[in-house]
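A structural walkthrough
So the chains spell out like this:
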Amino acid sequence: MAERRSGTGAARPATSGTAELATAQDTIALGAQLGKHLRAGDVVVLSGPLGAGKTVLAKGIAQAMDVEGPVISPTFVLARIHRPRHAGAPAMIHVDMYRLLDHASVDLLAELDSLDLDTDLDDAVVVVEWGEGLAERLSDSHLDIRLERGPNTEVRTAIWQWSRR
Ligand SMILES: Nc1ncnc2c1ncn2[C@@H]1O[C@H](COP(=O)(O)OP(=O)(O)OP(=O)(O)O)[C@@H](O)[C@H]1O
Ligand SMILES: [Mg+2]
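Reference entry: report on the structure contained in this document. (Residues numbered from 1 in each chain as written. Chains lettered and ligands numbered in written order. Predicted model: local features only at pLDDT ≥ 70, side-chain atom pairs only at ≥ 80, totals over all residues. Heavy atoms only, no water.)

**Things to note about the site of ligand 1**
Heads up, the rule is: Put simply, a residue is near a molecule or strand once any heavy atom of it comes within 4 Å of that molecule or strand. Distance and chemistry together define a polar contact, namely a pair of N or O atoms within 3.5 Å, with one atom able to donate a hydrogen and the other to accept it when in protein, and with adjacent residues in sequence counting only for side-chain atoms on both sides. Each helix is a run of H or I in the DSSP string that is no shorter than four residues. Each strand is a run of E no shorter than two, and both are numbered from the N terminus.
Around ligand 1, 17 residues are found, and the nearest of them are Thr27, Gly51, Gly53, Lys54 and Thr55. A distance of 3.0 Å separates an oxygen atom of ligand 1 from a polar backbone atom of Val56. Only α1 (24-35) and α2 (54-65) provide two or more residues apiece to the shell around ligand 1. For the shell around ligand 1, the element with the highest residue contribution is α2, accounting for three residues.

Put into structure tokens, the structure is as follows:
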């Protein structure tokens, strides 16, 4: 795994990096590793083609955040909320915007509001599949992760980048 760091504090995550992921378990492990650094108010933007492993990666994030599962594809609902197992920790809101892709000017915030999720977005980590270009507007603090897959291989490549206020 290659990482690029800025600043010196040991607790700070690398600002960007790449990883080669041979198996789904490796993808979960990457999600868990990056997920440790997420805080309430952060947005994670997961991009990559169908079947790239975005939902698998979200499982790893949920593991690190210690939220209730199971994390499954939210394809038939816009969003699912995963509550923290420990009081005071942020919930994970898992969003899949695939069905909204055709709608050029989706107001994601209004869509999420209309779901009455019962959790303030600022108190949660919002993990969005297929939301590139839209989900970033939800927060100044986001983690972008792109997954790529080649033909005839299970290996995925991940490229990630943190943008913090
Ligand atoms: N290295 C790998 N990393 C992630 N998933 C892998 C890997 N190798 C095989 N897989 C399999 O690929 C599939 C990825 O499915 P997943 O639902 O996570 O994709 P997705 O990007 O969320 O797709 P969609 O766009 O349909 O939501 C899973 O069945 C998983 O087991
Ligand atoms: Mg998915």
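Here the narrative resumes.
**Some points on the coordination of the magnesium ion (ligand 2)**
Which entries qualify depends on this criterion: Only nitrogen, oxygen and sulfur atoms qualify as donors, and only when within 2.8 Å of the metal (3.2 Å in the case of Na, K and Ca); with water excluded, sites may look incomplete. Three exposure classes are used, based on accessible area relative to the maximum for each residue type with a 1.4 Å probe and protein chains only: buried under 20%, partly exposed in between, and exposed over 50%.
Bound to the magnesium ion (ligand 2) are the protein donor atoms Thr55 (OG1) and Glu129 (OE), situated 2.1 to 2.2 Å from the metal. One end of the pair, Thr55, is in helix α2; the other, Glu129, is in strand β6 (residues 124-129), with 74 residues separating them in the sequence. Taken as a pair, Thr55 and Glu129 share a single burial class, namely buried.

**Some points on the pattern of salt bridges**
What counts here: A side-chain nitrogen of Lys or Arg and a carboxyl oxygen of Asp or Glu constitute a salt bridge if their distance falls within 4 Å.
Inspection of every chain in the model, using the stated rule, returns three salt bridges. Among the salt bridges present, the one from Arg164 reaches Asp42, with a minimum N-O distance of 2.8 Å. Of the two residues, Arg164 sits in the segment after β8 (156-163) while Asp42 sits in the loop between α1 and β3 (43-47), which places them 122 residues apart along the sequence. Note on Arg164: relative accessible area 22%, which makes it partly exposed. On the basis of relative accessible area, Asp42 is assigned to the buried category, the value being 3%. In this structure, the salt-bridge partner of Arg146 is Glu148, at a minimum N-O distance of 2.7 Å. Accessibility expressed as a relative area gives 31% for Glu148, which makes it partly exposed.

**Topic: the pairing of β8**
Threshold: Between any two strands, at least two bridges found by DSSP are needed for them to pair.
Burial of the side chains of β8 is restricted to one face: Arg156, Ala158, Trp160 and Trp162 are buried, whereas none of Thr157, Ile159, Gln161 and Ser163 on the reverse face is. By the bridge criterion, six bridges tie strand β2 (residues 16-21) to β8 in an arrangement that is antiparallel. Residue pairing across strands places Leu21 opposite Arg156, the latter belonging to β8. Bridge count for strand β7 (residues 142-149) against β8 is eight bridges, and the pairing is antiparallel. Paired with Arg149 across the two strands is Arg156, which belongs to β8. Here β7 hands over to β8 after six residues, with Asn152 in that stretch at a positive phi of 55 degrees.

As far as function goes, none of this settles anything; it's purely spatial.
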